[in-house]
Amino acid sequence: MSEAPVERAAVVDWWSTLSDPAFLANPYPELRRLQESGPVHHDAASGLYFVLGHRAFSRVAKSSGMGRDTRRWVGGWCSPEYRENDPVGFQLFSAFQPQMINSDGDEHARMRKVYEPAFRNQAMASMATLIENETKLLLDAMPDSGTVDFIEAFAAPLPLRVLCKLFDIPASMDETIARWSASLIRIGDVLMLPAQKQEALDALGAFKAFLREEIAARRHAGEDNLMGLAIRAHDAGTLDEEETLTNLVSMLVAGHETTVTLIGNGMLLLLRHPDEMERLRADRLLMRTAIEEFLRMEPGGNMILRVALEDFEVEGIVIPKGAPVIGLVGAINRDPARFERPDTLDIGRAANAQFTFGAGAHFCIGAPLARLEAQIAFTAILDRYARIDLAGTPEWRLDRMNARGLGSLPVCVERAA
């Protein structure tokens, strides 16, 4: 076993690559090129390890030797040097830290246990009617025929409206929460510009202040929803105030963005593969495997972060304790060593071991909700419209490195008779 070869780092300017607009619009050719030179790469300039192989990332994501608590990142945001050099960044990451996604072991389990009941099968079944109603309202507002931006009209508002209903947050807050979410989602980029850090810090402060007022006003209402779970956990001492607020912020932001990208990216895949769209129209039993294939082919996130909790060997490379590790999901989900015809959309693909929602202890808690929303949404769309065609050039969001989604998706629709 040995450290990652220095020569790999010499030929890849990782951060220029990951932020290049051409890469963000279509990362897959470059990811395949990088993948062919090895499943694990070390960037000497930043100390980061990039994982591009499916087998390698499976070990990283599922091992107790890897965690998500970035306070353990040697030389990272929690170090005295970072605090002195970037006080705004330190304030932001400190304020965003106390939540289950950023914790490990017992701390993570304690927080996750609060919300797990809301995402079990029985709870999902009770949410279906709510999602169907919100889906119908949005589709009724769309034209029977003509051109419409699918993201603006449907993919973006549906997940936010569903989440706000689940938290019993009024529709008047949708635009504000979407704005806060757009600022906070960039925290996942790992590298942020100073102005982006300040914008995210301001959004986080405003979001927490709003939620603090909501909790105070609703503390004794005995609500049977996600807000009620949070309030009861706080009052019982299971969560402190910052954990309560930050987990709520994270679920609203991640839950919104994850499903927007799943619905938007999935629709683009069907539009670019009309035979597969007709296949899905003809056989709705393929809906579940179709959703998994959308997640594999066009994941809504480019990167999954981990930190080595101990010296960790993978594919013959030792990742030292405290080193940050980034799984590049677009490469992992299209690894030809794991998937047959990895660049081909197959809505009936069996045994689809995609990693868009992560794996192991930190597997996305909201994945069942995102899948359910997507299944209901695509079923309703195909029922409503006999034809859906591209009506222009889709535009990818190029202002973020991690969250991968469309800014616009112009479509021409024609309602079924």
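What you see is a predicted model; the values in this text were computed from it and never measured.

Attention now moves to the environment of E292. Here E292 shows up in helix α17 (residues 287-297). A sequence separation of 58 residues divides E292 from A350, and the C-alpha atoms of the two residues are 9.4 Å apart. With residues near it in sequence (within four places) discarded, E292 still touches N352, Q354 and R371. Only 2.9 Å separates the side chain of E292 from the side chain of Q354, close enough to count as a polar contact.

What follows deals with the packing of helix α11 (residues 157-167) against helix α15 (residues 241-272). Where α11 contacts α15, the two axes come as close as 8 Å, and the packing angle between them is 150 degrees. Between α11 and α15, the crossing angle belongs to the class labelled roughly antiparallel. In the packing of α11 onto α15, the handedness of the crossing is right-handed. Every residue of α15 that contacts α11 at L158, P159, L160, L163 and F167 is listed here: L248, M251, L252, G255, H256, T259, V260 and I263. A breakdown of the residues in the contact of α11 with α15 according to their chemical character gives 10 nonpolar, three polar and no charged.

What follows is about the environment of S46. With respect to the helices and strands, the residue S46 is situated in the loop between β1 (40-43) and β2 (48-51). For S46, a relative accessible area of 30% corresponds to the partly exposed category. Along the primary structure S46 and A323 are separated by 277 residues, whereas in three dimensions their C-alpha atoms are 9.8 Å apart. Here the side chain of S46 touches D43 through a polar contact of 2.6 Å, side chain to side chain. There is a polar contact of 3.2 Å between the side chain of S46 and the backbone nitrogen of L48.

Every second residue of β1 is oriented toward a common face, with V40 and H42 on one face and H41 and D43 on the other, all of them buried. Here β1 folds back onto β2, and the loop between the two strands holds four residues, one of which, G47, carries a positive phi near 80 degrees.

Turning our attention to the sheet that holds β2. Strand order in this open sheet of five strands is β1-β2-β8-β5-β3, and the pairing throughout is mixed. Where the open sheet ends on each side, the last strands, each with one partner, are β1 and β3 (66-67). Relative to strand β8 (residues 324-328), strand β5 (residues 303-308) is paired through five bridges, and the arrangement is antiparallel. Following the sheet pairing, V307 is matched in β8 by P324.

Spatial ordering of the open sheet is given by β4-β12-β9, a layout of three strands whose pairing is antiparallel. Sheet topology places β4 (145-149) and β9 (385-390) at the edges, where each strand pairs with a single neighbour. Neighbour-to-neighbour, the strand axes of the sheet open up by a mean angle of 25 degrees, direction not taken into account. Running over the sheet, α15 touches β9 and β12 (410-415) and is turned about 90 degrees from β9.

Judged by nonpolar contacts, the single largest core of 97 residues is most densely connected at Y115, F150, F154 and F294. For this core, the element with the most residues is α15, which contributes 13 residues. If sequence neighbours within four positions are ignored, Y115 has contacts with M100, L226, A230, L239, T244, N247, L248, M251 and I365.

All right, on to the side chain of T261 then. With respect to the secondary-structure elements, T261 resides in helix α15. Those residues in contact with T261, other than ones at most four positions away along the chain, are G266, G300, R404 and G405.

Right, let's get into the side chain of Q196. Within the secondary structure layout, Q196 lies in helix α13 (residues 194-218). Exposure remark for Q196: the relative accessible area of 18% places this residue in the buried category. Once residues lying within four places of it in the same chain are set aside, the contact partners of Q196 are R186 and D399.

Rules behind the numbers
Residues numbered from 1 in each chain as written. Predicted model: local features only at pLDDT ≥ 70, side-chain atom pairs only at ≥ 80, totals over all residues. Heavy atoms only, no water. Helix = DSSP H or I, 4+ residues; strand = E, 2+ residues; numbered from the N terminus. Contact = heavy atoms within 4.5 Å. Polar contact = N/O pair within 3.5 Å; in protein donor to acceptor, adjacent residues only side chain to side chain. Axes fitted to C-alpha atoms, helices over the stretch in contact; angles between N-to-C directions. Parallel < 35°, antiparallel > 145°, perpendicular 65-115°, else oblique. Left-handed = near helix turned anticlockwise from the far one by under 90°. Nonpolar A, V, L, I, M, F, W, Y, C, P; charged D, E, K, R; others polar. Buried < 20%, exposed > 50% of the residue type's maximum accessible area, 1.4 Å probe, protein only. Pairing = 2+ DSSP bridges. Core = buried A, V, L, I, M, F, W, Y, C linked by side-chain atoms within 4.5 Å.

Any link to function would need more than the numbers given here.
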